[in-house]
Amino acid sequence: MRTLSKAASGRTSKRGVTLVEVLIAVAFIATVAVSSALVFTVTMKALTFSKARGLASRLAQDRIESLRALDYTMILVTPQGDLDVSPGVDRTNYPAETFNIGDKKYARSVIVSKVYKDAAGAVVALSPDAADTGLKQVKVFVTFPSGAASETRPYTALISDPGMVVLNGLLYGVVTDTGAVAIAGVKVFIEENQTWAGVTSSTGYYEIQ
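Definitions and cut-offs
Within each chain, residue numbers correspond to sequence positions counted from 1 in written order. Residue-level local features of this predicted model are given only where pLDDT is at least 70; pairs of side-chain atoms are given and counted only at 80 or more, and the full residue set underlies all totals for whole chains, interfaces and linings. Think of the side-chain values as coming from all heavy atoms in the structure, minus any hydrogens and water. What makes a nonpolar core is a set of buried Ala, Val, Leu, Ile, Met, Phe, Trp, Tyr and Cys residues whose side-chain atoms join them at distances within 4.5 Å. Burial classification: accessible surface area is computed with a 1.4 Å probe over protein chains only, and a residue below 20% of its type maximum counts as buried, one above 50% as exposed, and the rest as partly exposed. Think of it this way: any DSSP run of H or I at least four residues long counts as a helix, any run of E at least two long counts as a strand, and we number them from the N terminus. Here, two residues are considered to be in contact whenever any of their heavy atoms come within 4.5 Å of each other. A pair of Phe, Tyr and Trp rings is counted when the ring centres sit within 6.5 Å of each other, with Trp represented by its six-membered ring. The angle between the planes then sorts it: under 30 degrees is stacked, over 60 is edge-to-face, the rest tilted. Cation placement over rings: the criterion is NZ of Lys or CZ of Arg within 6 Å of the ring centroid and within 35° of the ring normal. Residues adjacent in sequence count toward polar contacts only when both atoms are side-chain atoms; beyond that, a polar contact is any pair of N or O atoms within 3.5 Å, and within protein one must be able to donate a hydrogen and the other to accept it. pLDDT gives the predictor's per-residue confidence on a scale running from 0 to 100. Salt-bridge detection follows one rule: a side-chain nitrogen of Lys or Arg within 4 Å of a carboxyl oxygen of Asp or Glu.

> Where do I start with the nonpolar core in this structure?
A general trend in soluble globular proteins is that nonpolar side chains are found buried together. Within the largest apolar cluster, 21 residues are counted, with the highest numbers of intra-cluster contacts made by Val 112, Val 138, Val 140 and Val 142. Listed by contribution, the elements that provide at least two residues to this core are helix H2 (19-68), strand S2 (104-117), strand S4 (135-146) and strand S5 (149-160). When residues in this core are grouped by element, the largest group, seven residues, is from H2. Not counting residues up to four positions away in its chain, the partners in contact with Val 140 are Ala 60, Arg 63, Ile 64, Arg 108, Ser 109, Val 110, Arg 153, Pro 154 and Tyr 155.

> Explain the packing of aromatic side chains to me, please; I cannot follow it from the model alone.
Pairs of aromatic rings are described using the distance from one ring centre to the other and the angle between the two planes. Following the criterion strictly, the structure yields one aromatic pair and no others. Between Tyr 172 and Tyr 205, the ring centres sit 6.3 Å apart and the planes meet at 35°, which makes this aromatic pair tilted. Residue Tyr 172 is located in strand S6 (residues 171-174), and its partner Tyr 205 is located in strand S9 (residues 205-208); the two are separated by 33 residues in the primary sequence. Over the aromatic face of Tyr 72 sits the side chain of Lys 136, whose NZ or CZ is 4.3 Å from the ring centroid.

> Explain the side chain of Asp 82 to me, please; I cannot follow it from the model alone.
One can find Asp 82 in helix H3 (residues 80-83). A polar contact of 2.8 Å, which involves the side chain of Asp 82, links it to the side chain of Thr 92. Setting aside residues no more than four positions away along its own chain, Asp 82 makes contact with Gly 88, Val 89, Asp 90, Arg 91 and Thr 92.

> Whenever I open this one, unusual backbone geometry confuses me. Can you help?
Most peptide bonds adopt trans geometry, and most residues besides glycine take a negative phi value. Of note, the bond from Ser 86 into Pro 87 is cis; its omega dihedral lies within 30 degrees of zero at 10°. With respect to the secondary-structure elements, Pro 87 resides in the loop between H3 and strand S1 (97-101). Despite not being glycine, Asp 103 shows a phi value in the positive range, around 65°. Take Asp 103: its relative accessible area is 81%, and that puts it in the exposed class. With a phi close to 65°, Ala 180 is a non-glycine residue in the positive phi region. Structurally, the position occupied by Ala 180 is in the loop between S6 and strand S7 (187-190). Assessed through its relative accessible area of 61%, Ala 180 is described here as exposed.

> Can you help me understand the environment of Phe 141 in this one?
Looking at the element boundaries, Phe 141 is found in strand S4. Spatially, the C-alpha atom of Phe 141 lies 5.6 Å from that of Arg 108, the residues being 33 residues apart in sequence. Discounting residues that sit within four places of it in the chain, Phe 141 has contacts with Val 89, Ala 107, Arg 108, Ser 109, Ile 111, Thr 152, Arg 153 and Pro 154.

> Is there a simple way to think about the confidence of the model for the chain in this case?
Low-confidence regions, as indicated by low pLDDT, have predicted coordinates that should not be scrutinised in detail. Looking at the chain as a whole, the pLDDT averages 83, with 81% of positions reaching at least 70. When pLDDT is averaged over each element of the chain, H3 comes out on top at 96 and helix H1 (residues 6-9) at the bottom at 49.

> What is the right way to look at the pattern of salt bridges in this model?
Note that side chains of opposite charge can pair when their charged atoms are close. Here the structure, examined in full by the defined rule, presents six salt bridges. Between Arg 153 and Glu 151 there is a salt bridge, and its shortest N-O distance comes to 2.8 Å. Judged by relative accessible area, Arg 153 falls into the partly exposed class, the value being 27%. Residue classification places Glu 151 among the partly exposed positions, given a relative accessible area of 24%.

Following this line, the structure appears as C-alpha cells:
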C-alpha cells in the first residue's frame, strides 16, 4: 500500500491577497481618514467659536464693570439723537471701540437707558429725557468672528441708584373735565414709574399708594 510522506501530508495551501481585497482595505482606510479629518475640523471650529464667544463676554463684562464703578449720576444716558441714527448705539458718551485679539477683530458698543420695572417685573425703557427712576440699563454689544462671518451678541445689566430711598406715601385726587364733571374709569399713573397707578371711581377719585 502506498503511503504519503510526512512532508507531503502536512503541506497546506497558501493563497495571496487579491486586488479586490487591497482596494477594499484602501477604501476603508481612506474613509476612516476622511471621517477623522472632518471630526477634527468640526472640533477645531467649535473650540475657536467658544474661545471667541468667551473673549466677547469678557469684553462686555469689562465695560459693564467699568460703568458700575462710577457714581450712579455719572452713568450717562444715550442721547435720543444717537438712538435715531443706525445702528442706534451711543456715539456721544461711549463711542464704539475695536480690538485686535489674536489677529481677530472685535467691536464693542454701548447703550445706556433709563428704565423701570412694570407690574410683571419686565424692564421697560423710557425716553432719555424722562425723569430718572433710579434704575438704568446698560446694553453692551460685542461683534466677534464666527467662522468666515461675524456675530453680534448683546450683554445686559441693570444698575440701580444706591442713594434711592423708598418712601411710603399716598397720592390722591379727583379727575374732572373742563366743566368740573367727574370722570370715572381714568387710569392715573406716575410717569417715572408706571407700575404706580390707580383708576378713578364713579366720583372721579383716585389714590395711588
